[in-house]
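Below are the chains, spelled out letter by letter.
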Amino acid sequence: MSALMIRNVVVLGGGSAGFMAAISLKTKLPAWQVRVLRSPDIGVIGVGEGTTVSFPRFLFDYLGLPQREFYAAAEPTWKLGIRFLWGPRKDFYYSFAREYEHTWPELRRNVGFFHDHETHWVGPISALMAHDRAFPRKPDGTPNFNKHHAFHIENQKLVAWLEGHARKLGVEIEEGNVTGVETGPVRTTGREENGVLALVLADGQRVTADLFVDASGFRSELLGRALGEPHLSYAKSLFCDRAVIGGWERTDEITKPYTTAETMAAGWAWQIEHEHFINRGYVYSSAHLDDEAARAELLQKNPKIPADRTRVIGFQSGRRQRNWIGNVVGIGNSVGFVEPLEATALQVVVVECVTLCDALVDCDGRPGPLLVDVYNEHNTRGWDEIRDFLAVHYAFNTRLDTPFWRDCREQTDLAGAARMVEWYRENGPTMLAKGVVMPEINVFGMEGYLAMLVGQKVHHRREFRPTSAEKRAWQQYKAQFGAKAKEAMTVAECLGALRRVGWLK
Ligand SMILES: Cc1cc2nc3c(=O)[nH]c(=O)nc-3n(C[C@H](O)[C@H](O)[C@H](O)COP(=O)(O)OP(=O)(O)OC[C@H]3O[C@@H](n4cnc5c(N)ncnc54)[C@H](O)[C@@H]3O)c2cc1C
């Protein structure tokens, strides 16, 4: 048992990770003092606009934040999943619903087995995506939201809203540049470890706390620089290390209710849909393409991007060995990073915040050593599961025959995904792997793996011939999903409806 009862926390960093952590701590532990310290000179990353379903659940269910205020300030649009321009099919959809896993009464097997060359959508949500529709219409003309949606949000608007909300809750926000960190032994977890004694600011001020949250982004000031926690690279599975970003003001383009992920010569590009802006970013491997060539490819595909308004960001895929050491817990980019192919960064931040707050509530601010070890095990496993799943995107994409994609197909280390892929090759898109080859708790689960393996037409040896009755039933299901989708509301109609009822300016 630790001697120290944590009662005050300093969060280093005022990006989305820092404010999400501060809001979570102050909401779940209101008596604690929570301070955010951020640099007036080092800005936030300013990208990161796609989310997953965990994000709205975190904001509105876990934290109980007001939906209406969020809509008014952050101005999100809705994301039902990802449309992949990937592999041999023209495209395929990976929605947030469990569509490939599902078995309909008239069909002997789950939907994954029925995704033939005539199939464009595999369930009600992917049918909405394929018709550029977001939600069914309620009798009062407003959208009937379901739990299978996430958001597209501009990073700066999100951070500004989070900051305002943190202030309302009583989080103290201070400006200062950390230029030094005093380290030494701490017993926060009851086990003596090297920890942080104080942050030293440029003006000489010392900042102390019982617990420090490192949300300092890629700089990883505390976990990485001060405590020297090793960085484990994912480069054997994920070859990309740079992104060139640009976008344009929307004119008459339809606002898609999904993110698009498009295969490019040496990587892939996202398309993220905001109400007034379309954001594109080309994630590429610098070993295969230089910045100028990447920029030229992005501009050639997207002539509306102003050539002088692109920017390049470098990154390293990987994670720190541990998230929590002594009295320092990392959250966000300070712990790890993978490219946004599944838009997982904020999802990881959500899991990190929830597990941290739940742990601190349950131990009443006195974390023991095993609690911290299990916290680390849980959170580092989550990171590795994302790496594994992204590796499947790279190892099987046959769409282009460029040096980069040849290298991906030949050399991607499938890491923890290897057994699931081997299983799939032998058994096809069956659900029998659930809970055995595929753990019950996995960030993407069977649905994710089936979407990517079936979607990319990865070959398997389990031939399946549906009966004529099954073929007819499947056609009818698809026709029903399509007909319903056609009646649903577009993103623009949903935004208009929310404006009429005062949720949006
Ligand atoms: C190309 C790219 C695309 C991405 N797309 C997505 C996406 O679609 N979806 C998604 O979920 N995520 C995405 N992300 C990731 C996402 O942007 C971040 O994970 C998320 O915003 C969290 O960032 P952060 O708060 O950890 O760091 P940052 O936003 O970088 O914030 C760091 C904070 O630390 C402070 N700080 C740093 N050093 C000091 C110091 N010495 N003293 C005082 N303060 C300091 C800074 O002032 C700043 O406030 C993307 C990232 C990249 C690079």
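Reading the values: the criteria
Residue positions are given per chain, counting from 1 as you read along its sequence in written order. Only residues with pLDDT of 70 or above have their local features reported here, since the model is predicted, and side-chain atom pairs are shown and tallied only from 80 upward, although totals for entire chains, interfaces and linings are computed over all residues. For the side-chain quantities, the full set of heavy atoms in the structure was used; hydrogens and water were omitted. Secondary structure is summarised from DSSP: a helix means a run of H or I of at least four residues, a strand means a run of E of at least two, and numbering begins at the N terminus for each. Partly exposed describes any residue whose relative accessible area lies between the buried limit of under 20% and the exposed limit of over 50%, with all areas from a 1.4 Å probe on protein chains only and scaled to the type maximum. Throughout, a contact is declared for two residues whenever any of their heavy atoms are within 4.5 Å. The method behind every accessible area is Shrake-Rupley, applied with a 1.4 Å probe, and residues are considered shielded solely by the protein chains displayed. Working convention for charge: Lys and Arg count positive, Asp and Glu count negative, and His plus the chain ends are omitted. In this description, the location of a charge corresponds to atom NZ of lysine, CZ of arginine, CG of aspartate or CD of glutamate. Boundaries between domains were set according to an automatic or database domain assignment. Note: buried area is the sum, over both parts, of the accessible area (probe 1.4 Å) each one loses when the two are combined. What counts as a salt bridge is simple: a side-chain nitrogen of Lys or Arg found within 4 Å of a carboxyl oxygen of Asp or Glu. Under this definition, polar contacts are N or O atom pairs within 3.5 Å; protein pairs additionally need one hydrogen-donor-capable and one acceptor-capable atom, and for neighbouring residues in sequence, both atoms have to be side-chain atoms. Lys, Arg, Asp and Glu make up the charged group, whereas Ala, Val, Leu, Ile, Met, Phe, Trp, Tyr, Cys and Pro make up the nonpolar group; the residues left over, Gly among them, are polar. Here the aromatic set is Phe, Tyr and Trp, taking the six-membered ring for Trp, and pairing holds for ring centres within 6.5 Å; pairs whose planes are under 30 degrees apart are stacked, those over 60 apart are edge-to-face, and all others are tilted. A strand pair is defined by DSSP finding two or more bridges across the two strands. Any cysteine sulfur atom paired with another within 2.5 Å is treated as part of a disulfide. Throughout this document, a residue counts as near a molecule or strand when at least one of its heavy atoms sits within 4 Å of that molecule or strand.

### Regarding the overall build of the protein
In step 1: In terms of helices and strands, the protein carries 14 helices and 21 strands.
In step 2: Dimensions along the principal axes, computed over C-alpha positions, put the protein at roughly 75 × 50 × 50 Å.
In step 3: Per-residue burial for the protein yields a buried fraction of 60% across its 505 residues.
In step 4: Contacts spanning at least 24 positions in sequence make up 75% of the contacts within the protein whose residues lie at least 6 apart.
In step 5: Carbon and sulfur atoms make up 51% of the accessible area of the protein, which amounts to about 20500 Å² in all.
In step 6: Considering the protein, the positive charge centre built from 60 side chains and the negative charge centre built from 61 side chains are found 5 Å apart.

### Remarks on the domain arrangement of the protein
In step 1: The assigned domain composition of the protein is domain 1 (8-49 + 154-233 + 317-384) and domain 2 (242-314).
In step 2: Once you take the C-alpha centre of each, domain 1 and domain 2 turn out to be 30 Å apart.
In step 3: In this complex, domain 1 contributes 9 residues to the contact, which on the side of domain 2 involves 11 residues.
In step 4: Summed over both partners, the interface of domain 1 with domain 2 comes to about 810 Å²; 66% of that surface belongs to carbon and sulfur atoms.
In step 5: Counting across the interface, domain 1 meets domain 2 through 0 salt bridges.
In step 6: Seen at the junction of domain 1 and domain 2, the total is 5 residue pairs in polar contact (both at pLDDT 80 or more).
In step 7: Taken together, the residues of the side of domain 1 that touches domain 2 break down into 5 nonpolar, 1 polar and 3 charged.

### Here we look at the packing of aromatic side chains
Centre distance and the angle of the planes are the two values used to describe a pair of aromatic rings.
In step 1: Counting across every chain of the model gives 34 aromatic pairs.
In step 2: With a centroid separation of 5.5 Å and an interplanar angle of 70 degrees, the aromatic rings of phenylalanine 60 and phenylalanine 70 are classed as edge-to-face. Highlighted residues: phenylalanine 60 in helix 2 (residues 54-62) and phenylalanine 70 in helix 3 (residues 67-74), separated in sequence by 10 residues.
In step 3: By relative accessible area, phenylalanine 70 is classed as buried at 0%.

### Some words on the sheet that holds strand 8 (residues 178-186)
In step 1: Pairing within the open sheet is antiparallel, and its 3 strands lie in the order 8-9-10. Looking at the sheet topology across the chains shown, the edges are occupied by strand 8 and strand 10 (206-207).

### Details of the state of the cysteines
In step 1: What the rule picks out here adds up to 0 disulfides.
In step 2: Summary of cysteine pairing: cysteine 357 is not part of a disulfide, and the nearest cysteine sulfur, belonging to cysteine 353, is at 6.4 Å.
In step 3: Of the residues examined, cysteine 357 reaches a relative accessible area of 1% and is grouped as buried.

### Things to note about the environment of threonine 430
In step 1: Inspection of the secondary structure puts threonine 430 in the loop between helix 11 (418-427) and helix 12 (445-455).
In step 2: Sequence spacing of threonine 430 and leucine 450 is 20 residues, and the spatial spacing of their C-alpha atoms is 8.7 Å.
In step 3: Once residues within four sequence positions are removed from consideration, threonine 430 is found in contact with Asn110, Phe113, Trp423 and Met446.

### As for the side chain of threonine 344
In step 1: With respect to the helices and strands, threonine 344 occurs in the loop between strand 21 (336-337) and helix 8 (345-362).
In step 2: Taking relative accessible area as the criterion, threonine 344 reaches 1% and is therefore assigned buried.
In step 3: In contact with threonine 344, not counting residues within four places along its chain, are Val338, Ile386 and Phe444.

### Description of the site of the ligand
In step 1: Around the ligand, 35 residues are found, and the nearest of them are Ser16, Ile42, Val47, Gly50 and Asn333.
In step 2: Alanine 345 is positioned with one of its backbone polar atoms (N or O) 3.5 Å from an oxygen atom of the ligand.
In step 3: Taking 1000 Å² as the accessible area of the ligand by itself, protein coverage stands at 97%.
In step 4: For the shell around the ligand, the secondary-structure elements that each account for two or more residues are helix 1 (16-28) and helix 8.
In step 5: Taken together, the residues of the shell around the ligand break down into 16 nonpolar, 15 polar and 4 charged.
In step 6: Shared between two domains, the shell around the ligand takes at least three residues from each, and those domains are domain 1 (8-49 + 154-233 + 317-384) and domain 2 (242-314).

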